[in-house]
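Chain residues, written in single-letter form:
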Amino acid sequence: MSKVTVVGAGNVGATCADVIVKQGIADEVVLLDIKEGVSEGKAMDIMQTANILNINTRLTGVTNDYEATKDSDVVVITSGIPRKPGMTREELIGVNAGIVKSVTDQLLKYSPNAIIICISNPMDTMTYLIHKVSGLPKNRIIGMGGALDSARFKYFLSNALGANATEVEGIVIGGHGDTTMIPLVRFAAYRGVPATNYLSAEQLEKVAADTMVGGATLTKLLGTSAWYAPGAAGAQMVKAVLHNEKKLISCSALLDGEYGEKDLCIGVPAIIGKNGIEKIVEFDLNDQEKELFKKSAEAVHKTNAALASAL
């Protein structure tokens, strides 16, 4: 019996739980939130599709009942608040750091062997925080950002190619931010053939630029942060762990010399399986890509520095 807990029943958390349930990724899912009735209501709504969609997974919604999360194999943390007008990045980090720390402590109390997937923002810094407060082996903590960024890259790439999105390859590394992510255009491909064979440098540059502002574009259109793709990306990572898929997915991982960085969580290609991050894969970056990664790492280090005063 496999069990997953999703903390935070907002748009992203509820979507993540919904995808896990409807794809039959786990046997049991617990959706937890601090607001009375929200997780219970969303869980009930999702489960009322069980007969229609032939669902066998059991989903339960609870309010602040961490005991209900006991013995989870994977926990997904989506908790936190978005940045509001007039709020500094340091203030956002301070509030969300406190929330994520508390959630992590409670989850590990009941599921000490769980693998943790972090979606909370700022995602790379919150993933780093979980490493610092939990003391868990680095393979058991995964930041989701790179999976979402790569999915957006493949979306824009498939549109430019006029191709099926399932037949294109593309990966994004670096920080999970509009100015820090790095779509690796040189590695993009369509059915194994480099995308450079089909698209001009200008077209590929636009694909990369659209990817980098993918989240901001949706926020402008929707008036709030996106949730379908982020929730599905979280579910994708849960599936890779529970089903031991050994899948190459870009994710925020704690580096210890890889890509020339240490003591930093940032997006890199990794093999995800039953042990979480089973291997960090080092792509052979050219000088320009290495420089972009260095600048991205510097930006994430700077954001992490605000954690000291936040805790």
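Because the structure is predicted, anything quoted here is derived from the model rather than measured. Every chain is numbered on its own, with residues counted from 1 as its sequence reads. Per-residue local features are limited, in this predicted model, to residues with pLDDT of at least 70; the limit for side-chain atom pairs, both in listing and counting, is 80 or more; totals at the level of whole chains, interfaces and linings are taken over all residues. To get the side-chain values, all heavy atoms of the structure are used, and hydrogens and water are removed first.

I tried to follow the overall build of the chain on my own but got confused; where do I start?
Helix numbering and strand numbering both begin at the N terminus, where a helix is a DSSP run of H or I of at least 4 residues and a strand a DSSP run of E of at least 2. Of regular secondary structure, the chain possesses 11 helices and 14 strands. For this measure, only C-alpha atoms enter the radius of gyration; the expected value for a globule follows 2.2 Å times N^0.38, where N is the number of residues. Since a compact globule built from 311 residues should have a radius of gyration of about 19 Å, the 19 Å found for the chain is in line with a globular shape. Accessibility here uses a 1.4 Å probe with only protein chains present; expressed as a share of the type maximum, an area under 20% marks a residue as buried, one over 50% as exposed, and anything in between as partly exposed. When the 311 residues of the chain are sorted by exposure, 51% land in the buried category. Two residues form a contact once any of their heavy atoms are found within 4.5 Å. Counted over contacts in the chain with a minimum sequence separation of 6, partners at least 24 positions apart contribute 70%. For the accessible areas, the method is Shrake-Rupley and the probe is 1.4 Å, while residue cover comes only from the protein chains on display. Put simply, the chain shows about 14,400 Å² of open surface, and 51% of that area lies on carbon and sulfur atoms. Charge assignment: positive for Lys and Arg, negative for Asp and Glu; neither His nor the chain ends contribute. Charge placement uses NZ in Lys and CZ in Arg. For Asp and Glu, CG and CD serve respectively. Averaging the locations of the 30 positively and 34 negatively charged side chains of the chain gives two centres separated by 1 Å.

Teacher, can you tell me more about the sheet that holds strand β11 (residues 193–194) here?
Backbone-to-backbone hydrogen bonds join strands into a sheet, with any given pair of strands oriented parallel or antiparallel. At least two DSSP bridges between two strands are required for those strands to pair. The antiparallel open sheet is built from 3 strands, whose spatial order is β7-β10-β11. Strand pairing shows two members of the sheet lacking a second neighbour, β7 (168–169) and β11, which therefore form its edges. Bridging between β7 and strand β10 (residues 189–190) involves 2 bridges; their strand directions are antiparallel. Bridged to V168 within β10 is Y190.

Would you mind showing me how to read the layout of surface pockets here?
Where empty space is left becomes clear once a probe the size of a water molecule has been rolled over the atoms. For the second largest pocket, the calculated volume is near 590 Å³. Surrounding the second largest pocket, 22 residues form its lining, A151, K154, E169, G170 and Q236 being those nearest its centre. Within the residue set of the lining of the second largest pocket, elements represented by two or more residues are α6 (145–161), β7, α9 (228–242) and β12 (247–256). The dominant element in the lining of the second largest pocket, judged by the number of residues it contributes, is α6, at 6 residues. Using a grid of 1 Å spacing that covers the protein atoms alone, one calls a set of points a cavity when a 1.4 Å probe fits there but cannot get out, and a pocket when the set is open and has protein on both sides within 12 Å along at least five of seven lines; lining residues are those with an atom within 4 Å of a point. Grid points are joined across faces, edges and corners, and a volume is the space filled by probe spheres set on the points.

Explain unusual backbone geometry to me, please; I cannot follow it from the model alone.
For the peptide bond that leads from N121 to P122, omega is -5 degrees, which places it in the cis range. As for its position among the elements, P122 is in the loop between β5 (115–118) and α5 (123–134). In the Ramachandran plot, N54 falls in the positive-phi region, its phi being about 60 degrees despite a non-glycine side chain. Tracing the chain through its elements places N54 in the loop between α3 (50–53) and β3 (58–63). The exposure class of N54 is exposed, given its relative accessible area of 63%.

I would appreciate a short explanation of the nonpolar core in the present structure.
Burial of nonpolar side chains together is a common tendency in soluble globular proteins. In this structure, V6, I20, I142 and I272 are the most contacted members of the largest nonpolar core, which totals 55 residues. Beyond its immediate sequence surroundings of up to four residues, I272 is in contact with I142, M237, A240, V241, E245, K246, K247, I249, C251 and I277. Judged by nonpolar contacts, the second largest core, of 26 residues, contains A97, A114, Y128 and I130. Definition used in this section: a nonpolar core is a set of buried Ala, Val, Leu, Ile, Met, Phe, Trp, Tyr and Cys residues joined via side-chain atoms within 4.5 Å.

When you look at the packing of α5 against helix α10 (residues 287–304) in this model, what are you seeing that I'm missing?
Helix axes use the C-alpha atoms of the stretch in contact, all axes being lines fitted to C-alpha atoms, and the angles between their N-to-C directions lie in the range 0 to 180 degrees. For the pair α5 and α10, the least separation of the axes is 9 Å and the interaxial angle reads 60 degrees. Here α5 is positioned oblique relative to α10, judged by the angle of their axes. Seen from above, α5 lies across α10 with right-handed handedness. Two secondary-structure elements touch here, α5 through D124, T125 and Y128 and α10 through V300, T303 and N304. Among the residues forming the contact of α5 with α10, the class breakdown is 2 nonpolar, 3 polar and 1 charged. In these notes the angle categories are as follows: under 35 degrees is roughly parallel, over 145 is roughly antiparallel, 65 to 115 is roughly perpendicular, and the rest is oblique. When the near helix sits turned anticlockwise from the far one by under a right angle, the crossing is termed left-handed; a clockwise turn instead gives a right-handed crossing. Nonpolar residues are Ala, Val, Leu, Ile, Met, Phe, Trp, Tyr, Cys and Pro. Charged residues are Asp, Glu, Lys and Arg, and all others, Gly as well, are polar.

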